Each structure stands twice: as C-alpha cells, then as structure tokens.
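Read off the chains here:
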Amino acid sequence: MDFLKSKNLKMEEKKYFMREAIRLSIDSMRAGNGGPFGAVIVKNGKIIARGFNKVTSTNDPTAHAEVVAIREACTELGSFQLEGCEIYTSCEPCPMCLGAIYWARPDKMYRTYPYCGLFICYSYIGSSKNEL
Ligand SMILES: [Zn+2]
C-alpha cells in the first residue's frame, strides 16, 4: 500500500508541474509575450526554472519556452547540463527544442499528449520507453 501511495503522490507532483507549464503558456500568451507555450524544469521535487515563449516580444526566434527554461536552469545550477532534472512542456517540443533538451541532458522529459485526450505522457530521453 505504501508503494501505491507514494506512486500516486509522484503522479500528483507530475500533474502539478505540468499544470504549471500549461498555466505559464496561457498567462504569457494573454500578456502578449508570444505563443501559447510554457515549460518548467524540476530538480529534487522543486521548480528551478520557468520558461514561456518570448519570440514575438523579444524578436528572438530561439526564445521558445523550453529554451528559455533551459537557459534559466543552467544559470541557476551553474552548469551546461541538467543532470537530475526533469522538464515539463505544455506541448510537443519542436526540433530546435528537442535538440536543446538533448544537449542539456535532463533525466526525463514530460509533455502533454493532446491527440489521445490524455493529460500527461512522458518519455525518457535516449530510450523508446513511454509511460502514461
Ligand atoms: Zn521549440
């Protein structure tokens, strides 16, 4: 029973972090910062970086939510790699962001999965394993 309880708590944490990424996407779009995309990076159960799309407000075509969050997390950690981190994105990352995520090397990436109506779906970087 304790295992199930802790597993459910972990899922609630994941939902919380994903909701935060989605909230960022909505709030930043309404504020006129850019497209409706948000991302958070988590380490040891805490959000260490937040990002949202700033392409149109900064005239920076690379200012996607994931890249913004990765830059902030790397600054926070003083490292170019995100060892022990998880990234939550409000959408499927574009090829540029997938490249940035690959090079930043977080332990896991979670993204929404809109086509099947599931709230959350995640993939392990570097493997074909998916879990719901
Ligand atoms: Zn992108």
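The rules behind the values
- Residues numbered from 1 in each chain as written.
- Predicted model: local features only at pLDDT ≥ 70, side-chain atom pairs only at ≥ 80, totals over all residues.
- Helix = DSSP H or I, 4+ residues; strand = E, 2+ residues; numbered from the N terminus.
- Buried ≥ 20, exposed ≤ 12 C-beta atoms within 10 Å, placed from the backbone.
- Contact = placed C-beta atoms within 7 Å.
- Expected span 1.5 Å × (residues − 1).
- Arc of directions from axis to C-beta.
- Core = buried A, V, L, I, M, F, W, Y, C linked by C-beta atoms within 7 Å.

(A) Spotlight on the overall build of the protein. Within the protein one finds 4 helices and 6 strands. Its helices and strands in sequence order give the protein the pattern α-β-β-α-α-β-α-β-β-β, from N to C terminus. The buried share of the protein, taken over its 132 residues, is 33%.

(B) Here's a closer look at the environment of alanine 104. Within the secondary structure, alanine 104 sits in helix H4 (residues 95–104). Given 24 C-beta atoms within a 10 Å radius, alanine 104 is considered buried. As a C-alpha pair, alanine 104 and cysteine 74 span 30 residues in sequence and 8.4 Å in three-dimensional space. Contact partners of alanine 104, with chain neighbours within four places excluded, come to Ile70, Cys74, Gln81 and Leu82.

(C) Spatial organisation of helix H3 (residues 65–77). Compared with an ideal rise of 1.5 Å per residue, which puts 13 residues at 18 Å, H3 spans 18 Å between its outermost C-alpha atoms and is within 8% of the ideal. Every buried residue belonging to H3 is among Ala65, Glu66, Val67, Val68, Ala69, Ile70 and Ala73, and all of these are buried. Glycine 78 sits one or two positions beyond H3 and adopts a positive phi of about 65 degrees.

(D) How the structure looks around H4. Inspection of H4 places Cys97, Ile101 and Ala104 among the buried residues, and these make up the whole buried set. Buried residues along H4 cover an arc of 65 degrees about the axis, so they all sit on one side. For H4, exposure combined with an orientation more than 90 degrees from the buried face picks out Pro95, Gly99 and Trp103. The first or second residue beyond H4 is arginine 105, which carries a positive phi of 55 degrees.

(E) Spotlight on the nonpolar core. Ranked by internal contacts, the top residues of the largest apolar core, which has 28 residues, are Ala21, Val40, Ile41, Ala69, Ile87 and Tyr88. Those elements that provide at least two residues to this core are helix H1 (2–30), strand S1 (38–43), strand S2 (46–52), H3, strand S3 (85–89), H4 and strand S4 (108–113). Looking at this core, the element that brings in the most residues is H3, giving 6 residues. Not counting the four nearest positions on each side in its chain, tyrosine 88 is found in contact with Phe17, Met18, Ala21, Ala39, Val40, Val42 and Tyr110.

Any functional reading would require information that these geometric values do not contain.
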